[in-house]
Number of protein chains: 2
Amino acid sequence: MTTSITLQDCQARDAADPLAPLRAHFALPADTIYLDGNSLGVAPRAAAERVAQVVKQEWGNDLIRSWNSASWFDLPQRLGDQLAPLIGAGPGEVVCTDSTSINLYKVLSAALNMAREDSPARRRIVSERSNFPTDLYIAEGLCRERGLELVLIEPEEIPAALTADVAVLMLTHVNYRTGAMHDMAAVTAAAHAAGILTVWDLAHSAGAVPVDLNGAGADFSIGCGYKYLNGGPGAPAFVWVHPRHADRFWQPLSGWWGHAAPFQFTPDYQPAPGITRYLCGTQPIISLSALQCGLDVFTAAQALGGMQALRQKSLALTDLFIELVEARCAGHGLGLATPREHAQRGSQVCLTRDIGAYAIVQALIARNVIGDFRKGDGGAGRHKDILRFGFTPLYVGFADVWNAVEHLRQVLDTAEWQRPEFNQQHAVT
Amino acid sequence: MTTSITLQDCQARDAADPLAPLRAHFALPADTIYLDGNSLGVAPRAAAERVAQVVKQEWGNDLIRSWNSASWFDLPQRLGDQLAPLIGAGPGEVVCTDSTSINLYKVLSAALNMAREDSPARRRIVSERSNFPTDLYIAEGLCRERGLELVLIEPEEIPAALTADVAVLMLTHVNYRTGAMHDMAAVTAAAHAAGILTVWDLAHSAGAVPVDLNGAGADFSIGCGYKYLNGGPGAPAFVWVHPRHADRFWQPLSGWWGHAAPFQFTPDYQPAPGITRYLCGTQPIISLSALQCGLDVFTAAQALGGMQALRQKSLALTDLFIELVEARCAGHGLGLATPREHAQRGSQVCLTRDIGAYAIVQALIARNVIGDFRKGDGGAGRHKDILRFGFTPLYVGFADVWNAVEHLRQVLDTAEWQRPEFNQQHAVT
């Protein structure tokens, strides 16, 4: 395959890109091509100042009074309201709190309670074998605790798996390994037709692709604050529950921040109405404040077309990357794990290679082209080792794509990746 | 009652106080007497710079590489090891993570599993009626989920409540309302003699009084990072499990950070050995880093005698406060809710008054003497409205105590507290 695209073409596209000014909102290191925003998003420029304000003024000077004067109390709800439009949720439907894993435990527990109260014979959770592992671990824990069964399948097996003994279908909207995206509305409708509730993990969707939870009629959802939302390392996550379910069940982590009147200090628990009951304990305010800076960029992006415009650019970036890799790195044994169809693609492109995937990623990182590696199943199954590249349209440009592929071409053409220093495995994220 | 103590005496005690240099570690606002460190500790001076470093350098510049290069990965364990000596725990026995409420859910669930596997007839959790409410809410949630019973008693009823149907005795070591402290070793021994496991909440103990979890043979413990540990608003909490129990059970929040090999991305959950399995999801690194600054002050305090020296000063401060209030605010209807006996007192003093407690606290806050108010049961029971004053020996001095009591005297003598602006109730922490 060949391509007529040049670096100059890419630079021209950047010059004409109406979203290009958004890059100035980020403290992107010079000379770095950062294609790992699906693991840890780049720091918004405003974060340093905002965090300094929280530490020096709100905590340092105003101290305990800031719970009221700086509105620390309702920060989880305020950030939830700011996030809501990105995922097709309404005001008062989302809170930013705790971790993705913990929020999953809350909603999966509530979903199981609901499904099984309505139909006790439903004793299965169905999920994808290549779902992000922590989702599977949380489900495994709940199943173990309650004597239920976790059934793992491949995506094409979903229709057949929606049987009368299934309580909950738990999926990650965009697969963390491949970038493959489910049709949320269609899958939700199929699940509902079979009397099954849906839990959607938006870790690789929120801020990356347009999501319409209410439009899809989804039941429960959770997601991550530190990937495409650029909320900072380990930023608090979020949780959404469809308003038709929100008041129906306690979530199991019935802490005081989810109480109807936390400062009455009553000995008995009365859950707050709506999504507030999905809060549990006191939240890490400094980290939450950094997340706000990440959300502020999306608020600024509204004037430039918002998620629809970001999606259009994201697809243009990933299309370009695929075309350039296939043209300029041909003959090096790279495969494509990410769907070519736009409707099935998130905001990342994953390449496969039978050997050397880890080392190639390390060689690129040494050239300041930062993607990441995800291990496969060692060739035994369908999941190969992955070179994963995330494209965040807020701060990645078309020339970045060109340059990244040029580095990849050089790493492959010169066999640079075979150097010993790139082949020593250690902990990776 | 009279006193011969003068402001000059207090100033002399500050001048002679070997712990006085520790105050310089804190960014205490000028002209503020801060007696609310039991609600939100003061910011360590190092926090602003440390947090800026995390945001600008580790997140901003090094990005995803900081999981390894800045050791973000093992921050929960490293902070746990740093905290361990304050609570009589060994290395590798503590992690700093999540919120107090969530950590309580983990250990209470594990304790119930263990107690009931050994003896299924044990179906009660016993706790104090005036335990901090979120502890009761979490226990209530677990009881509801599992068909168990939460029994609430007064502290003097504990011995009679340790019956053969009790699985877990769940207590807060120092009561948040009164500052009354349990004898952890004696209560634990009595519980164990009755075949009952203990869960200790150290929210008002860690960094406030010497704690010896291993010495007491306690089973499970959790505590708060943002009170006496000065970790910042909503700082991550901590969890300890006695090594004899740590490997025995999964905790219910079986997320990837508690997995034996989180980056193998295996679909099945294998808990890490020891306390690491009490981790769940990705942690808020910026907030965790601020907590480290709080712990660093305790490390610095080691050279000055550590927790034993801090305890000695704390008791001297609270003794002084009690003596001065009783001498200089006599005739104003103030009562003492905190035990006079040192062995039964935490690091706070709580006063009672039949009317006006809220307004008196507000009047003091207007004078920059910051304590807080805790509502009682409206005169119906034994729990009166409380004026609560925390004494953190790291940054509170003897002259602060004198001046605080002098402000209290003036507020009472002049009936300043009766002004309308001090009698409008709103949300308080």
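Residues numbered from 1 in each chain as written. Chains lettered and ligands numbered in written order. Predicted model: local features only at pLDDT ≥ 70, side-chain atom pairs only at ≥ 80, totals over all residues. Heavy atoms only, no water.

As annotated in an unreviewed UniProt entry, chain A carries the name Kynureninase and is attributed to Paracidovorax wautersii. According to the UniProt record, the Subunit (unreviewed entry) comment for chain A reads "Homodimer." (UniProt positions renumbered as here; feature names shortened; annotations may be inferred.)

Draft legend 1. Spotlight on the interface of chain A and chain B. The interface of chain A with chain B comprises 81 residues on the first partner and 81 residues on the second. Here chain A and chain B share an interface that buries about 6,900 Å² over both sides, 70% of which is from carbon and sulfur atoms. Where chain A meets chain B, there are 0 salt bridges. Viewed at the interface, chain B and chain A are joined by 20 residue pairs in polar contact (both at pLDDT 80 or more). Looking at the side of chain A that touches chain B element by element, the count peaks at 10 residues for helix α6 (residues 133-146) of chain A. Along the lines of polarity and charge, the residues of the side of chain A that touches chain B split into 44 nonpolar, 25 polar and 12 charged. (Contact = heavy atoms within 4.5 Å. Buried area = accessible area lost by both parts, 1.4 Å probe. Salt bridge = Lys/Arg side-chain N within 4 Å of Asp/Glu carboxyl O. Polar contact = N/O pair within 3.5 Å; in protein donor to acceptor, adjacent residues only side chain to side chain. Helix = DSSP H or I, 4+ residues; strand = E, 2+ residues; numbered from the N terminus. Nonpolar A, V, L, I, M, F, W, Y, C, P; charged D, E, K, R; others polar.)

Draft legend 2. Region of interest: helix α4 (residues 75-83) of chain B. Residues and elements named next belong to chain B. Of all the positions in α4, only Leu75, Pro76, Leu79, Gly80 and Leu83 are classed as buried. In a view along the axis of α4, the buried residues occupy a sector of 135°, so they form one face of it. Against β2 (94-97), β8 (237-241) and α11 (285-301) lie the buried residues of α4. (Buried < 20%, exposed > 50% of the residue type's maximum accessible area, 1.4 Å probe, protein only. Arc of directions from axis to C-beta.)

Draft legend 3. Main features of the domain arrangement of chain A. Residue and element names in this part refer to chain A. Assigned domains within chain A: domain 1 (7-44 + 306-422) and domain 2 (73-300). Centre-to-centre separation of domain 1 and domain 2, based on C-alpha positions: 29 Å. Contacts between the two partners involve 38 residues from domain 1 and, on the opposite side, 29 residues from domain 2. Regarding the contact of domain 1 and domain 2, the summed buried area is about 2,600 Å², with carbon and sulfur atoms giving 59% of it. A per-residue breakdown of the area domain 1 buries against domain 2 is headed by Met307, Arg382 and His383, which together make up 21% of the total. At the junction of domain 1 and domain 2, the tally comes to 0 salt bridges. Remark: the boundary between domain 1 and domain 2 carries 12 residue pairs in polar contact (both at pLDDT 80 or more). Listing elements by their share of the side of domain 1 that touches domain 2, those giving two or more residues are α12 (306-328), β10 (348-352) and β13 (386-390). In terms of residues, the side of domain 1 that touches domain 2 owes the most to one element, α12, which gives 4 residues. Taken together, the residues of the side of domain 1 that touches domain 2 sort by class into 15 nonpolar, 16 polar and 7 charged. (Domains from an automatic or database assignment.)

Draft legend 4. Seen up close, the UniProt feature "modified residue: N6-(pyridoxal phosphate)lysine" (unreviewed entry) in chain A. All names here are of chain A. Under the present numbering, the feature "modified residue: N6-(pyridoxal phosphate)lysine" (unreviewed entry) in UniProt falls on Lys227. Counting through the fold element by element, Lys227 comes out in the loop between β7 (220-223) and β8 (237-241). Residues within four places of Lys227 in sequence aside, it is in contact with Gly37, Asn38, Ser39, Gly41, Ala203 and His204. Side-chain polar atoms of Lys227 contact the backbone oxygen of Asn38, separated by 3.3 Å.

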